[in-house]
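Close look at the chain arrangement
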Amino acid sequence: MKDSLYTINRGNYPLSSYIARCAQLAMCLEVSASPKPGNIDRHNDYEDTRYEHFLASATGIYPVIEEASSKTEGVGKFIRSAVTESVMWQKGGNTHFGAFLLLVPLVMAAGEILQEDEPFTIQQLVESAYRIVKNTNTSDSVDFYSCFEAAGVKVNPADEFDLQNKDAIDELNERDMSLYKLMDIARGYDLIANEWVTGFKRCAACAEIIIDGMNNDHYPPKVKTDINNITVYAFMKTLAENEDTFISTKYDGRTAAYVSGQAKAIIKEIYKSHEDFETILPLIEKLDKELLEKKINPGSTADIIIAGLFIALLSGVRF
């Protein structure tokens, strides 16, 4: 991870407002980026979930994110509040649940370390977020469990702390199980949980791809400094390097491996090509069409991209 220094430029607005708007814009940029294979974007909807549902969710959670930015405790409570606001403002179901799991601790960390005219590094930001999640408690776990029915989240069956079992909350209290410990249990089969317990490294790496790209210091250089193309490239590179656990949960590991393999092949073509990034777009569009037809959506990858965009915007990326 790089140790580049960044300073915020929040104008005359409170820090909490600046952080919340960075989070909202990150959510809007991610869902707007196209083509993003298998996921909803400004050109593609699912039957029951549409592009506008994601925009409504991103808009509706503003007060939750603003309040969270001034706290370092209550991660579970703010995740639950974000889910509540999201489903209050739209009827498309689970739009941003995984993103909230990443954004809430990162937002809290931003509020803790960001000061006007004082530089910060991405490493400092994710280290702060990691400290915050390490300090979660049983109340955070109970709040987290209460989100699943409201968000309509599909989860892997589990031998312990089954999300379908109402007695699980009693067991959480009996065993003093913090939310961090819960994420540690899931780290091997859930990409978002893995981010919690490994220090948000993928989120940071994604942010650096976006920052480099928008500073015209990107690899490969054929990707122009265009926020859409940079976001698509970051999505493809993240998907190529990580099997998407949302796909694994909804389908199986073989399907997730296939999708990542296709993304990896496209990334290789990007590096091999002597043309601009736009000449590779038909390959991405072809994969997008295939995944949309099969209803295979790399949702966990999209969550990582939202977190990466959030960090990049905090760091001063503008377009």
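It should be noted that the structure appears before, not after, this text.
Residues numbered from 1 in each chain as written. Predicted model: local features only at pLDDT ≥ 70, side-chain atom pairs only at ≥ 80, totals over all residues. Heavy atoms only, no water.

**Here we look at the overall build of the protein**
Selection criterion: Helix numbering and strand numbering both begin at the N terminus, where a helix is a DSSP run of H or I of at least 4 residues and a strand a DSSP run of E of at least 2. We compute the radius of gyration from the C-alpha atoms alone; for a globule the expected value is 2.2 Å times N to the 0.38, where N is the number of residues. Only protein chains enter the area calculation, which uses a 1.4 Å probe; residues under 20% of their type maximum are buried, those over 50% are exposed, and those in between are partly exposed. Throughout, the Shrake-Rupley method with a 1.4 Å probe supplies accessible areas, and for residues the shown protein chains are the sole cover considered. Here the positive residues are Lys and Arg and the negative ones are Asp and Glu; neither His nor the chain ends is included. Lysine's charge is taken at NZ, arginine's at CZ, aspartate's at CG and glutamate's at CD.
A count of helical and extended segments in the protein gives 17 helices and zero strands. Its C-alpha radius of gyration of 19 Å places the protein within 12% of the 20 Å reference for a compact globule of 319 residues. Here the C-alpha coordinates of the protein stretch approximately 60 × 50 × 35 Å along the principal axes. Evaluated residue by residue, the protein yields a buried proportion of 56% over its 319 residues. For the protein, the accessible area works out to roughly 14300 Å², and carbon and sulfur atoms hold 46% of it. The averaged location of the 47 negative side-chain charges in the protein is 3 Å from the averaged location of its 32 positive side-chain charges.

**A short note on the packing of helix H13 (residues 227-241) against helix H15 (residues 253-272)**
For clarity, the threshold we go by: All axes here are fitted lines through C-alpha atoms, helices being fitted over the stretch that makes contact, and every angle between N-to-C directions spans 0 to 180 degrees. Put simply, angles under 35 degrees are roughly parallel, angles over 145 are roughly antiparallel, angles from 65 to 115 are roughly perpendicular, and the rest are oblique. Here a crossing is taken to be left-handed if its near helix is turned anticlockwise relative to the far helix by less than a right angle, and right-handed if that turn runs clockwise. When checking whether two residues touch, look at their non-hydrogen atoms; a contact exists if any pair is within 4.5 Å. Here the nonpolar group is Ala, Val, Leu, Ile, Met, Phe, Trp, Tyr, Cys and Pro; Asp, Glu, Lys and Arg are the charged ones; every other residue, Gly included, is treated as polar.
Relative to each other, H13 and H15 sit at 125°, their axes nearing to 7 Å. Considered as vectors, H13 and H15 are oriented oblique to each other. The interaxial crossing formed by H13 with H15 has left-handed handedness. Each of Tyr233, Met236, Lys237, Leu239 and Ala240 in H13 lies in contact with H15, whose residues at this interface are Val259, Ser260, Ala263, Lys264, Ile266, Ile267, Ile270 and Tyr271. Grouping the amino acids of the contact of H13 with H15 by side-chain chemistry returns 10 nonpolar, one polar and two charged.

**With respect to the packing of helix H11 (residues 191-198) against helix H12 (residues 201-214)**
Direction vectors running N to C along H11 and H12 enclose 95°, while the axes themselves pass 7 Å from each other. Between H11 and H12, the interaxial angle falls into the category roughly perpendicular. Within the contact between the two elements, H11 uses Leu191, Asn194, Glu195 and Thr198 and H12 uses Lys201, Arg202 and Cys203. Across the contact of H11 with H12, the residue classes tally to two nonpolar, two polar and three charged.

**Considerations on the nonpolar core**
Note the threshold: Put simply, buried Ala, Val, Leu, Ile, Met, Phe, Trp, Tyr and Cys residues joined by side-chain atoms within 4.5 Å make one nonpolar core.
Counting 104 residues, the largest nonpolar core has Trp196 and Phe310 as the members making the most contacts within it. By residue number, the principal contributor to this core is helix H5 (residues 97-113), which donates 12 residues. Dropping the residues within four chain positions of it, tryptophan 196 is found in contact with Val75, Ile79, Leu101, Pro105, Tyr130, Val133, Thr136, Leu179, Tyr180 and Met183.

**What to know about the packing of aromatic side chains**
Applicable threshold: Between 30 and 60 degrees the pair is tilted, below 30 it is stacked and above 60 it is edge-to-face, where a pair is any two Phe, Tyr or Trp rings, Trp via its six-membered ring, whose centres lie within 6.5 Å.
Taken as a whole and assessed by the stated rule, the structure comprises four aromatic pairs. Aromatic side chains tyrosine 6 and phenylalanine 120 sit 6.1 Å apart centroid to centroid with 50° between the ring planes, which places their arrangement in the tilted category. Of this pair, tyrosine 6 sits in the segment before helix H1 (15-32) while phenylalanine 120 sits in the loop between H5 and helix H6 (122-134); the two residues are 114 residues apart in sequence, bridging distant segments of the chain. Summarising the burial analysis for this pair, tyrosine 6 and phenylalanine 120 share the class buried. Plain terms: the ring middles of tyrosine 130 and tyrosine 180 are 6.0 Å apart, the flat faces sit at 70° to each other, and that makes the pair edge-to-face.

**Points about helix H2 (residues 51-60)**
What sets the pattern is the α-helix's 3.6 residues per turn: residues three or four places apart point alike. In terms of burial, H2 is a largely internal element, seven of the 10 residues being buried. Within H2, the full set of buried residues consists of Tyr51, His53, Phe54, Ala56, Ser57, Ala58 and Gly60. Looking at the buried positions of H2, the neighbouring elements they touch are H1, helix H3 (62-68), helix H4 (75-89) and H5.

Remember that the coordinates give geometry; whether it matters functionally is a separate question.
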